[in-house]
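# Fold and geometry: a report
One letter stands for each residue in the lines below.
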Amino acid sequence: DLLVAADCTAFALGGFHGALLKGKKLVIACPKLDDTEGYVEKLAELIKRNNLRSLTVAIMTVPCCSGLERIVRLAVERSGVPLEVKKVVVGIDGTIVRGV
């Protein structure tokens with residue numbers, strides 16, 4: 001089970017570990033501040049090589065976070081692995097507004 005989370009989600013959601021991370025491996029990124037060139041290819045390889053049972057993307061309600069969801073969905077498509085992407089959205093008030 002893999003969680004791809006925007007780095008701000010762990011700071012905004014006080015119960016991040018219990019609500020989202022427990023039992024999962026973590027990849028963390030920021031589509032606004034990171035140089036994301038190559039992320040799609042790296043994630044696609046990770047998906048191909050690891051026989052994932054689940055993939056969750058955790059983003060914030062802020063506009064820049066939608067880029068991380070796009071990166072994850074493109075990576076799944078390029079990997080060729082039929083894997084559903086679950087999405088969790090964290091509000092700026094630190095609550096989960098969608099998902100889980």
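A short tour of the structure in this document, coming up. Predicted model only: the values in this text are computed from it and were never measured.

Time to look at the sheet that holds strand β1 (residues 2–6). As summarised here, the arrangement of the five strands in space is β2-β1-β3-β4-β5, forming an open sheet in which the pairing is mixed. On the outer flanks of this sheet lie β2 (25–29) and β5 (96–98), each paired with one strand and no other. This sheet shows a mean twist of 25° between the axes of neighbouring strands, independent of strand direction. With five bridges joining them, β1 and β2 adopt parallel strand pairing. Counted as the bridge partner of A6 is A29 from β2. Lying over the sheet, helix α3 (residues 39–49) contacts β1, β2 and β3 (55–60), oriented at roughly 175° with respect to β2.

For the rest of this paragraph, the subject is the pattern of salt bridges. As enumerated under the stated definition, the model contains six salt bridges in all. Across the salt bridge formed by K48 and E45, the nearest N and O atoms sit 3.2 Å from each other. Of the two residues, K48 and E45 are both situated in helix α3; the distance of three residues between them amounts to about one turn of the helix. Classification of K48 as partly exposed rests on a relative accessible area of 44%. Measuring nitrogen to oxygen at the nearest pair gives 3.2 Å for the salt bridge that ties K87 to E69. With K87 in strand β4 (residues 85–90) and E69 in helix α4 (residues 66–79), this residue pair connects regions lying 18 residues apart in the sequence. By sharing partners, the salt bridges in this structure join E45, K48 and R49 into a single network.

Definitions and cut-offs
Residues numbered from 1 in each chain as written. Predicted model: local features only at pLDDT ≥ 70, side-chain atom pairs only at ≥ 80, totals over all residues. Heavy atoms only, no water. Pairing = 2+ DSSP bridges. Helix = DSSP H or I, 4+ residues; strand = E, 2+ residues; numbered from the N terminus. Axes fitted to C-alpha atoms, helices over the stretch in contact; angles between N-to-C directions. Contact = heavy atoms within 4.5 Å. Salt bridge = Lys/Arg side-chain N within 4 Å of Asp/Glu carboxyl O. Buried < 20%, exposed > 50% of the residue type's maximum accessible area, 1.4 Å probe, protein only.

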